[in-house]
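Tertiary structure, described
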2 protein chains.
Amino acid sequence: MKNSGSVEAVEGRLCECLSKTGLRPTPQRQRVYTALLETPAHPTAEEVFMRVKQDMPDISLATVYNCLDTFVQCGLVRQVVHERGATRYCANTEEHHHFYCDECHRTYDIPAASSTRRLAFEVPAGFVVRRFEIVFQGLCPKCLANRSESAEYP
Amino acid sequence: MKNSGSVEAVEGRLCECLSKTGLRPTPQRQRVYTALLETPAHPTAEEVFMRVKQDMPDISLATVYNCLDTFVQCGLVRQVVHERGATRYCANTEEHHHFYCDECHRTYDIPAASSTRRLAFEVPAGFVVRRFEIVFQGLCPKCLANRSESAEYP
DNA sequence: CTATATGCAAATAGTTTGCCTGTTA
DNA sequence: TAACAGGCAAACTATTTGCATATAG
């Protein structure tokens, strides 16, 4: 993901987004945000909490939830909710879709092909589409590889 | 939704699906299934429970969850999980997508245009797409109408 | 010095589980 | 008479809330 940027650039983006709405770039918010960027794929609030706690032992889980919700509000982070269970968070602000692996239950980002934009018009008259997401499901490359070793197929 | 059919046809479909896996078409399962069909749009387990309870006062919420999960297993019902909060259930087995209204938080079914099938190929090499769903978000016709009365716009 | 955040613990919502009883192939 | 189902209550997980304390514009 890495979302283009040095630590400074990242901090910059955060501060900018927060200040737009008069919110403070507190140490907790900064750390939660960088932890989200550092964590490979779509962590839960709990997972972010664990990571942040390592160098901010006093942070509370409620604060992590607060921070993440704040980021969602200012459009810096997306919630990813495709299955029962904990909500996952995604700091990739590029337009993209998601692939959910049935086997390992990991979620991958899929860059949006420009052609998919026209999908917004395939909705019955009267609906206003402001955004959309495609959720693909199936087998990710890793799980596919594991499978073919042991015969079975999709 | 109505998913094509008289009460008999509906019961028939249910029994058929259940028996494939050696499951029994109990009164509870039948009632939960018809309640799901009767309820306008994507009810939660709780909502189905309320409805069924009216003519089956002894049914328990746990049984409703069990029934719904059973249906999901035999492919008769889909879970719809797009937001934090209760899981919703959808008895429409036609290929379709969903529209989620930001304002009234209702979910609508959107029939799949045949052209969308090729989306499955817009995923990086190595992923096997078994199915996908498009989740549209925006304003539904009702909420749009309410809005235009009071000036604002999307 | 006041609005904004945090930490903590308790509360809540949604769902699952265990266990015992009933039902049916 | 097993295997399958249902009812009930307790357990559990994810999240939210209330409130007292801290921090920074």
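Note that this is a predicted model, so its numbers are computed, not measured. (Residues numbered from 1 in each chain as written. Chains lettered and ligands numbered in written order. Predicted model: local features only at pLDDT ≥ 70, side-chain atom pairs only at ≥ 80, totals over all residues. Heavy atoms only, no water.)

A look at the nonpolar core
Formed by 31 residues in total, the largest nonpolar core has its most connected members in Phe99 and Ile134 of chain A together with Phe99, Ile134 and Phe136 of chain B. At 6 residues, the largest contribution of residues to this core is made by strand 5 (residues 128-139) of chain A. Ignoring sequence-local partners within four residues, the contact set of Ile134 of chain B consists of Leu119, Phe132, Glu133 and Ile134 of chain A together with His97, His98, Thr116 and Leu119 of chain B. (Core = buried A, V, L, I, M, F, W, Y, C linked by side-chain atoms within 4.5 Å. Buried < 20%, exposed > 50% of the residue type's maximum accessible area, 1.4 Å probe, protein only. Helix = DSSP H or I, 4+ residues; strand = E, 2+ residues; numbered from the N terminus. Contact = heavy atoms within 4.5 Å.)

What to know about the domain arrangement of chain A
Residue and element names in this part refer to chain A. On domain assignment, one finds that chain A holds domain 1 (7-80) and domain 2 (95-146). Summarising the inter-unit geometry, the C-alpha centres of domain 1 and domain 2 are found 25 Å apart. Contacts between domain 1 and domain 2 engage 4 residues on the former and 6 residues on the latter. When the buried area of domain 1 at its contact with domain 2 is split by residue, His42, Arg78 and Val80 rank highest and sum to 92% of it. On inspection of domain 1 and its partner domain 2, the count reaches 1 salt bridge. (Domains from an automatic or database assignment. Buried area = accessible area lost by both parts, 1.4 Å probe. Salt bridge = Lys/Arg side-chain N within 4 Å of Asp/Glu carboxyl O.)

Considerations on the pattern of salt bridges
Per the counting criterion, the structure on display carries 22 salt bridges over all chains. A salt bridge links Arg84 of chain B to Asp69 of chain A; its shortest N-O distance comes to 3.0 Å. One end of the pair, Arg84 of chain B, is in the loop between strand 1 (78-80) and strand 2 (88-90); the other, Asp69 of chain A, is in helix 4 (residues 61-73), on a second chain. Through salt bridges with shared partners, a single ionic network connects Arg31, Glu38, Arg51 and Asp55 of chain A.

A closer look at the sheet that holds strand 3 (residues 96-101) of chain B
Here 6 strands make up an open sheet; going across it, the order is 4(A)-3(A)-5(A)-5(B)-3(B)-4(B) and the pairing mixed. Of all the strands in the sheet, just strand 4 (107-111) of chain A together with strand 4 (107-111) of chain B have a single pairing partner and so form its edges. Averaged over all neighbouring strand pairs, the angle between strand axes comes to 30°, with direction disregarded. Bridge count for strand 3 (residues 96-101) of chain A against strand 5 of chain A is 4 bridges, and the pairing is parallel. In the sheet register, His98 of chain A faces strand 5 of chain A, and the bridge partner there is Val135 of chain A. Helix 5 (residues 141-149) of chain A rests against strand 3 and strand 5 of chain A together with strand 5 (128-139) of chain B of the sheet, and its axis sits at about 20° to strand 5 of chain A. (Pairing = 2+ DSSP bridges. Axes fitted to C-alpha atoms, helices over the stretch in contact; angles between N-to-C directions.)

Concerning the environment of Gln30 of chain B
Within the secondary structure, Gln30 of chain B is located in helix 2 (residues 27-38). Expressed as a C-alpha distance, the spacing of Gln30 of chain B and Arg84 of chain B, which sit 54 residues apart in the sequence, is 29 Å.

Remarks on the state of the cysteines
Should the sulfur atoms of two cysteines be covalently bonded, the bond is a disulfide. Residue and element names in this part refer to chain A. Inspection of every chain in the model, using the stated rule, returns 0 disulfides over all chains. Its sulfur unpaired, Cys140 is 3.8 Å from the next cysteine sulfur, which belongs to Cys143. Exposure remark for Cys140: the relative accessible area of 0% places this residue in the buried category. Between Cys143, a free cysteine, and Cys101, which holds the nearest cysteine sulfur, the sulfur-to-sulfur gap is 3.7 Å. Residue classification places Cys143 among the buried residues on the basis of a relative accessible area of 6%. (Disulfide = S-S within 2.5 Å.)

Quick look at the relation of the copies chain B and chain A
For the pair chain B and chain A, the best superposition has an RMSD of 0.1 Å and corresponds to a rotation of 180° with a translation of 0.0 Å parallel to the axis. Given the turn and translation reported, the copies of this chain are related as if by a two-fold rotation axis. Among all residues of chain B, the one whose C-alpha sits closest to the rotation axis is Ile134 of chain B, at a distance of 2.2 Å. Both copies share a contact surface, since 100% of the interface residues of chain B are interface residues in chain A too. (Least-squares fit on C-alpha atoms with pLDDT ≥ 70 in both.)

Regarding the protein's contact with DNA strand D
Close to DNA strand D lie 18 residues; Tyr65 and Thr87 of chain A together with Arg24, Thr26 and Thr63 of chain B are nearest. Here a phosphate oxygen of DNA strand D and a side-chain polar atom of Tyr65 of chain A are 2.4 Å apart. The contact in question runs from a phosphate oxygen of DNA strand D to an N or O atom on the backbone of Arg24 of chain B, over 2.7 Å. Elements with a minimum of two residues in the surface near DNA strand D: helix 4 of chain A together with helix 2 and helix 4 (61-73) of chain B. Broken down by element, the residue count for the surface near DNA strand D peaks at 4 residues, all from helix 4 of chain A. Of the residues assigned to the surface near DNA strand D, the class counts are 7 nonpolar, 5 polar and 6 charged. (Near = heavy atom within 4 Å. Polar contact = N/O pair within 3.5 Å; in protein donor to acceptor, adjacent residues only side chain to side chain. Nonpolar A, V, L, I, M, F, W, Y, C, P; charged D, E, K, R; others polar.)

Description of the side chain of Thr107 of chain A
Residues and elements named next belong to chain A. With respect to the helices and strands, the residue Thr107 is situated in strand 4. Thr107 sits in the buried class, given a relative accessible area of 9%. Setting aside its immediate chain neighbours within four residues, Thr107 contacts Ala41, His42, Val80, His98, Phe99 and Tyr100.

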